[in-house]
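Chain and residue survey
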Amino acid sequence: MSNTKDFKIAIAGLGRIGKIHLGNLCQMKGVQVVAAMDPLEEGRQYAKEKMVPNIVSSYSEMLEIGEIDAVIICSPTNTHADYVEMAAKAGIHSFCEKPLDLSLERVVEVLEVVKKSGTKLMLGFNRRFDKEFRKVKELVKNGAVGEPHLVKVTSRDPGAPPISYIEKSGGLFLDMTIHDFDVARFIVDKEVVEVFAKGAVLIDQAIGEVGDIDTAIVTLGYSDGTMAVIDNSRQASYGYDQRVEVFGSQGMVQSNNNFMDSHKLYNDKGIHAALPLHFFLERYQEAYRIEIMDFIKSLENGNEMPVDGNDGLQSLKIGLAAIKSLKENRPVKISEIFCE
């Protein structure tokens, strides 16, 4: 690996998330973005504007450019597993946006390749790096609420993604709720052993026509008998709703939404305030910066990744259990989800 003065990074995929990561990397000391890859001209043009020296349209070509310490993978989901595997075989560390793959078998296969290669893999569960969620975890860890009994996660988007995206994303549980499954494990440091999911199409019938849902409640059972509940909606009229609560034997801790501003208007019609920040790019802007910094620091210091392949594997298992639960209308044990 290069020393901290010339840590060499390549980035694959320059859509919305890729642009955020590239922008953050370009501002970090001791980091040099040596290559960027995107099949679309728009993405390659953005890399040119950021003065990336090597810009290509092929991932394999990018890996052959020269010395690369780590690759940031922000390409479509169906490329993630292949790209991580190729990087590992080339001795290159990977940061990969979630999910690693929609197939449990493929995820297990790739994680084994990474392990054998001796490289490191971090998955992009960015909410772990949000200051609100981190504060809740810190308080829970320090015993501020006593023994945690209940976790509540609210995650509602301001609008549904295009149908073309939903058709390929694995559906609500694997493209949206998977973040909440990770939060449910992270916030109390417990493993989920049972899932019971209920869902409906209440917003857009076109979502149902491609086999998905847009509204859901998921109940999780932890290994110690405590519980979590997650509520999801593809469309909240008031903006991006991101809240978490932990109730325990000695108290409760909550994190609320971040708002456009903190003003409150009082008049004869009531009390009025700003709406929550519109969507994930605005809400988690700082979290994206911190997660990439933590990835680089972990590599430089030889530490374990703050979000590793097993974290992605466990969230995928919970998601697959939720799909099975919804389909069969019953609680599903995580132990029922295994490679064929």
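Provided above is the structure to which this section pertains.
Our focus in this paragraph is the overall build of the protein. Check the secondary structure of the protein and you find 13 helices and 15 strands. Here the protein has a C-alpha radius of gyration of 20 Å; the compact-globule value for 340 residues is 20 Å, and the two agree. Oriented by its inertia axes, the alpha-carbon framework of the protein measures out at about 60 × 55 × 45 Å. Expressed as a percentage of the 340 residues in the protein, the buried residues total 52%. Taking all contacts inside the protein whose residues are at least 6 apart in sequence as the whole, residues at least 24 apart take part in 69%.

Scanning the entire structure with this criterion turns up 25 salt bridges. Close ionic contact of Glu 336 with Arg 330 constitutes a salt bridge, the shortest N to O distance being 2.7 Å. On the accessibility criterion, Arg 330 (28% relative accessible area) is partly exposed. Bridged by salt links that share partners, the residues Asp 82, Glu 85, Lys 89, Arg 106 and Glu 109 form one connected network.

Okay, the nonpolar core next. Counting residues in each nonpolar core, the largest one holds 99 residues, and the members touching the most others are Tyr 59, Met 62, Ile 187 and Leu 220. Setting aside chain neighbours within four positions, we find Tyr 59 in contact with Ala 12, Met 37, Val 71, Ile 73, Tyr 83, Met 86 and Ala 87.

On to the packing of helix α1 (residues 16-26) against helix α2 (residues 41-49). At a minimum axis separation of 11 Å, α1 and α2 run at an interaxial angle of 10 degrees. Judged by the inter-axis angle, α1 sits roughly parallel to α2. Contacts from Lys 19, Leu 22 and Gly 23 in α1 reach Glu 42, Tyr 46 and Ala 47 in α2. Looking at the contact of α1 with α2 residue by residue, the classes come out as 3 nonpolar, 1 polar and 2 charged.

Mapped onto the fold, Asp 69 is located in the loop between α3 (59-63) and β4 (70-73). Look at Asp 69: it is buried, it has no salt bridge, and the nearest opposite charge is Lys 8 at 5.9 Å. A polar atom in the side chain of Asp 69 sits 2.9 Å from the backbone nitrogen of Lys 8.

Let us now look at the packing of helix α4 (residues 77-89) against helix α5 (residues 104-117). Direction vectors running N to C along α4 and α5 enclose 15 degrees, while the axes themselves pass 9 Å from each other. Of the possible angle classes, the one that applies to α4 and α5 is roughly parallel. As for how α4 packs across α5, the hand of that crossing is left-handed. Residue-level contacts link Ala 81, Asp 82, Val 84, Glu 85, Ala 88 and Lys 89 of α4 to Arg 106, Val 110, Val 113, Val 114 and Ser 117 of α5. Its residues placed into classes, the contact of α4 with α5 shows 6 nonpolar, 1 polar and 4 charged.

Turning our eyes to something else, we now look at the pairing of strand β9 (residues 215-222). When a strand is regular, its side chains alternate between the sheet's two faces. Strand direction decides the pairing type here: strand β8 (residues 192-200) and β9, joined by 8 bridges, are antiparallel. Residue Ala 200 lies in a different strand from β9, and its bridge partner there is Thr 215. Counted between consecutive antiparallel strands, the loop separating β9 from strand β10 (residues 227-233) contains 4 residues, among which Gly 225 sits at a positive phi close to 95 degrees.

Time to look at unusual backbone geometry. With the exception of glycine, the majority of residues adopt a negative phi angle, and the majority of peptide bonds are in the trans configuration. Cis peptide bonds are those with omega within 30 degrees of zero, and the linkage from Lys 98 to Pro 99 qualifies with -15 degrees. Residue placement: Pro 99 occurs in the loop between β5 (93-97) and α5. Of note in the backbone geometry, Asn 329 takes a positive phi value of approximately 55 degrees without being a glycine. Considering the arrangement of structural elements, one finds Asn 329 in the loop between α13 (309-328) and β15 (332-333).

So, about α13. Here α13 contains 20 residues, and its C-alpha end-to-end distance of 28 Å stays within 8% of the 28 Å for a straight helix at 1.5 Å per residue. All of the buried residues along α13 are Gly 309, Asp 311, Gly 312, Leu 313, Gln 314, Ser 315, Leu 316, Ile 318, Gly 319, Ala 321, Ala 322 and Ser 325. For α13, the N-terminal capping position is held by Asp 308, with its side-chain oxygen 3.1 Å away from the main-chain nitrogen of Asn 310. Looking one or two residues beyond α13, the residue adopting positive phi is Asn 329, at roughly 55 degrees.

Cut-offs applied
- Residues numbered from 1 in each chain as written.
- Predicted model: local features only at pLDDT ≥ 70, side-chain atom pairs only at ≥ 80, totals over all residues.
- Heavy atoms only, no water.
- Helix = DSSP H or I, 4+ residues; strand = E, 2+ residues; numbered from the N terminus.
- Rg over C-alpha atoms; globule rule 2.2 N^0.38 Å.
- Buried < 20%, exposed > 50% of the residue type's maximum accessible area, 1.4 Å probe, protein only.
- Contact = heavy atoms within 4.5 Å.
- Salt bridge = Lys/Arg side-chain N within 4 Å of Asp/Glu carboxyl O.
- Core = buried A, V, L, I, M, F, W, Y, C linked by side-chain atoms within 4.5 Å.
- Axes fitted to C-alpha atoms, helices over the stretch in contact; angles between N-to-C directions.
- Parallel < 35°, antiparallel > 145°, perpendicular 65-115°, else oblique.
- Nonpolar A, V, L, I, M, F, W, Y, C, P; charged D, E, K, R; others polar.
- Lys, Arg positive; Asp, Glu negative; His and termini not counted.
- Polar contact = N/O pair within 3.5 Å; in protein donor to acceptor, adjacent residues only side chain to side chain.
- Left-handed = near helix turned anticlockwise from the far one by under 90°.
- Pairing = 2+ DSSP bridges.
- Expected span 1.5 Å × (residues − 1).

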